[in-house]
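Tertiary structure, described
Below, each chain spelled out in residue letters.
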Amino acid sequence: MAAGAGWPAVCEKFRAARTLSAVESLKDPETEPYRSKYSARALLQEVKQLLSAAEEGGEAVLAVRRAVLEYELGVNHTDTEELSAGEEHLQRCTQLLEPHRLSPDCVSLYIQAQNNLGILWSQRDEIETAQTYLESAEALYNQYMKEDGNPPLDPSEHFMAEEEKLTDQERSKRFEKAYTHTLYYLAQVYQHLDMIEKAAQYCHTTLKRQLEYCGYYPVEWARNAATLSQYYLSKECFMEARHCLAAASVIFSQAGQVPSAEDADETEPDQQDLPERKGEIARCWIKYCLNLLQSARKLLEDNIGELDPDRQLELKAQRKKEEDEKEKGRKKAVLFGTSDICDSVLAMEEKVSSVYPLDFQEAREVFLVGQNYVQEAKEFFQVDGYVTDHIEIVQDHSALFKVLAFFEEDYERRCKMHKRRIDMLEPIYADLNPQYYLLICRQLQCELADTYYEMMDLKVAIGNRLEKLDSHTVKKINSLAQFAIKYYELFLDSLRNPDKVFPEKLEEDVLRPAMVAKFHIARLYGKLITSDSKKQLENMQTSLEYYTFLVDYCEKYPDAVPAIETELELSKEMVNLLPGSMERLRAKVSSFV
């Protein structure tokens, strides 16, 4: 390498190569997407040629500088999808650094090379090999922090003049950022390997560190935090899930701001995605509210699915005793961000509870938050262009009404809530073409049928409190039952082959829904009210046929029994009882003739 004035020129070439890769490449035309990357590669090769042992510092300094160039070339080749060449350069980098990998001059570069080898092997779908490299980087960071702990040199400093070198604070920031990347990639690797709990733990740590070191993009950070909330929901850790979502909402509001100086040469993904990302976070909030209400229902319901008042009192007393201490202890482990962010997150959290709602008023508060997010999500996910997403949001809205109805003691008001579900689901179903949306059509058929069935049961319960059933109530009960039958039959018809023949053996995914539909139709025919004895006998006969179908099917296919044990037992009882009831009714009719 040329001495004196030559070294600054080499450093300048190195800097120019990095600028081409990080900044200019973003402006490359679609026809030449790697133009700047190739130009950067040529400059790096020139710098490599200029290096020689003649420069002061000797072989050790030269080895590290060569390693830096091998690293840059490795990343460059990986970015241009030349993975084999990228791997060769990255491996040469780690080989050059191996003897000194724990020294402050080398440790950051070594960790970054291991990170990039992890990414490279992930791109090849060799996830376990990627895991090895990333866990090695994690172990090296921990060992270095334990044995030394001083801020190590950033790789770029090996091509800087002394007066340009970074401060210890900046070195530490960059080193911690590299380690945060290690944890981020490990979280994804563990996700791929179905190590879900470990993936969530690493994701949470990554998010905390990104906030701590101001190294994040608001939209990406918010999306990852919202995704993590869904893991906590699956574990019924509602306080943690709420914290993730509150943090996601707060950080998302920063979108468009550059979080830190070192990221100034990078850009957040396209701003036109903001409405979609906002909609996605809203959908995660909907799931939070829905899951909290559904979990509370499971705790409170008795063996017939109604609210158990004794259990309610017991849980209220227990909650008063436990909740303050529980929250204090768990909060420390999950808190995100610096004090100013924490204040905003806590204010966001106060808008919705993270403890199980135990009565209608508490459930309604959670419901209303969920309903607000339904409207927010629908602003982006509209029917025109996002059919499936829009319908899923409407189904979640319906599910919110369904679970709120559980907490409502007044049957008439409960009926009105279910009517709201009908009003939102029927128009969507009517507009769907089963040829393209068969699965969604089936879901909606079953949900509409179940909702009408529930309303019919409620109207029967209301009628039972009257001294005498009036004609309006009778008409209403029959109408609801007929609508429920209609939708159950539509679902069952969707299972028929093109020749309209019902399958002899049902597929596993439709076995329970089909059998429950048959069982409910049998029960519905038994609930139809008529003063015409002939019509009543016809209804009883139809009811018997449906109950018989269940019994005969399970005798023929015993492996179906576990899926419908309760319905089967009741069907067997009805198959035994109905013929006698029908005989008595026939005798009664004939005695009047």
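Procedures and definitions
Residues numbered from 1 in each chain as written. Predicted model: local features only at pLDDT ≥ 70, side-chain atom pairs only at ≥ 80, totals over all residues. Heavy atoms only, no water. Helix = DSSP H or I, 4+ residues; strand = E, 2+ residues; numbered from the N terminus. Rg over C-alpha atoms; globule rule 2.2 N^0.38 Å. Buried < 20%, exposed > 50% of the residue type's maximum accessible area, 1.4 Å probe, protein only. Lys, Arg positive; Asp, Glu negative; His and termini not counted. Charge placed at Lys NZ, Arg CZ, Asp CG, Glu CD. Phe/Tyr/Trp six-rings, centres within 6.5 Å; stacked < 30°, edge-to-face > 60°. Lys NZ or Arg CZ within 6 Å of the ring centre and 35° of its normal. Domains from an automatic or database assignment. Contact = heavy atoms within 4.5 Å. Buried area = accessible area lost by both parts, 1.4 Å probe. Salt bridge = Lys/Arg side-chain N within 4 Å of Asp/Glu carboxyl O. Polar contact = N/O pair within 3.5 Å; in protein donor to acceptor, adjacent residues only side chain to side chain. Nonpolar A, V, L, I, M, F, W, Y, C, P; charged D, E, K, R; others polar. 1 Å grid on protein atoms, 1.4 Å probe; cavity = no way out; pocket = protein on both sides within 12 Å on 5 of 7 lines; lining within 4 Å. Points joined across faces, edges and corners; volume = space filled by probe spheres on them. Axes fitted to C-alpha atoms, helices over the stretch in contact; angles between N-to-C directions. Parallel < 35°, antiparallel > 145°, perpendicular 65-115°, else oblique. Left-handed = near helix turned anticlockwise from the far one by under 90°. Expected span 1.5 Å × (residues − 1). Arc of directions from axis to C-beta. Core = buried A, V, L, I, M, F, W, Y, C linked by side-chain atoms within 4.5 Å.

Attention now goes to the overall build of the protein chain. A tally of regular secondary structure across the protein chain gives 21 helices and zero strands. Here the C-alpha radius of gyration of the protein chain, 33 Å, is well above what a compact globule of 593 residues would show, namely 25 Å. Each of the 593 residues in the protein chain was classed as buried or not, and the buried ones make up 47%. Within the protein chain, one finds 72 positive and 103 negative side-chain charges whose respective centroids are separated by 6 Å.

What follows is about the packing of aromatic side chains. Following the criterion strictly, the structure yields 28 aromatic pairs and no others. Ring geometry for Tyr144 versus Phe175: centroids 5.7 Å apart, planes at 80°, classification edge-to-face. With Tyr144 in helix α6 (residues 127-147) and Phe175 in helix α7 (residues 168-192), the pair connects residues that are 31 residues apart, well separated along the chain. In terms of burial, Tyr144 and Phe175 fall into one category: buried. The residue whose ring lies beneath Arg124 is Trp121, and the NZ or CZ to ring-centre distance is 4.5 Å. Geometry around Tyr411 places Arg465 over its ring, the cationic atom sitting 4.4 Å from the centre.

Attention now moves to the environment of Ser136. Tracing the backbone shows Ser136 in helix α6. The partly exposed category is assigned to Ser136, whose relative accessible area is 31%. Along the primary structure Ser136 and Ala63 are separated by 73 residues, whereas in three dimensions their C-alpha atoms are 22 Å apart.

Time to look at the domain arrangement of the protein chain. Along its sequence, the protein chain is carved into domain 1 (6-239), domain 2 (240-255 + 274-302 + 341-401), domain 3 (410-502) and domain 4 (522-592). Here the C-alpha centroids of domain 2 and domain 3 sit 27 Å apart. At the interface, eleven residues of domain 2 touch 13 residues of domain 3. Taken together, the two surfaces of domain 2 and domain 3 that pack against each other cover about 1100 Å², and 72% of this comes from carbon and sulfur. Across the domain 2-domain 3 interface, the total number found is zero salt bridges. Summed over the shared surface of domain 2 and domain 3, the number is three residue pairs in polar contact (both at pLDDT 80 or more). Per-element accounting of the side of domain 2 that touches domain 3 gives the leading share, nine residues, to helix α15 (residues 387-407). Looking at the side of domain 2 that touches domain 3 residue by residue, the classes come out as five nonpolar, six polar and no charged.

With that settled, consider the layout of surface pockets. Taking a probe equal in size to a water molecule and rolling it over the atoms shows the remaining empty space. Counted as a void, the second largest pocket has a volume near 1300 Å³. Within the residue set of the lining of the second largest pocket, elements represented by two or more residues are α11 (274-300), α15, α16 (411-431), α17 (438-464), α19 (508-527) and α21 (565-592). If one sorts the elements of the lining of the second largest pocket by residue count, α17 sits on top with ten residues. Grouping the constituent residues of the lining of the second largest pocket by class yields 18 nonpolar, seven polar and 14 charged.

A word on the packing of α16 against α17. Here α16 crosses α17 at 155°, and the two axes come no closer than 10 Å. Relative to α17, the element α16 lies roughly antiparallel. Considering only the axes of α16 and α17, their crossing is left-handed. For the contact of α16 with α17, a count of residues per class yields 14 nonpolar, three polar and eight charged.

One can describe the packing of helix α5 (residues 107-123) onto α7 by two numbers: an axis separation of 10 Å at closest approach and a directional angle of 25°. Relative to α7, α5 is oriented roughly parallel. For the pair α5 and α7, the crossing hand works out as left-handed. For the pair α5 and α7, the contacting residues are Val107, Ser108, Ile111, Gln112, Asn115, Ile119 and Ser122 in the first and Phe175, Ala178, His181, Thr182, Tyr185 and Val189 in the second.

Another aspect to go through is the pattern of salt bridges. Tallying each qualifying case throughout the model produces 40 salt bridges. Two residues, Asp79 and Lys37, come together in a salt bridge whose shortest N-O distance is 2.9 Å. Within this pair, whereas Asp79 is found in helix α3 (residues 58-79), its partner Lys37 is found in helix α2 (residues 35-50), the two being separated by 42 residues in sequence. Two residues, Glu170 and Arg174, come together in a salt bridge whose shortest N-O distance is 3.0 Å. With Glu170 and Arg174 both in helix α7, this residue pair falls four residues apart, about one helical turn.

Structurally, Arg421 is set in helix α16. With relative accessibility at 3%, the residue Arg421 sits in the buried group.

Attention now moves to α2. Given a rise of 1.5 Å per residue, 16 residues ought to cover 22 Å, and the 23 Å separating the end C-alpha atoms of α2 matches this to within 8%. Among the residues of α2, those classed as buried are Ser36, Lys37, Ala40, Arg41, Leu43, Leu44 and Val47. Along the axis of α2, the buried positions cluster into a sector of 165°, meaning they face one direction only.

So, about the nonpolar core. Core analysis: the largest hydrophobic core is formed by 175 residues, its most contacted members being Phe159, Trp221, Trp285, Tyr288, Phe407 and Leu506. For this core, the leading source of residues is α17, giving 13 residues. Those residues in contact with Leu506 that lie beyond four places of it in its chain are Leu495, Leu511, Ala514, Met515 and Tyr553.

Let's shift gears to unusual backbone geometry. Despite not being glycine, Glu81 shows a phi value in the positive range, around 65°. Within the secondary structure layout, Glu81 lies in the loop between α3 and α4 (83-97). Positive phi is not limited to glycine here, since Asp125 has a value of about 65°. Along the polypeptide, Asp125 turns up in the loop between α5 and α6.

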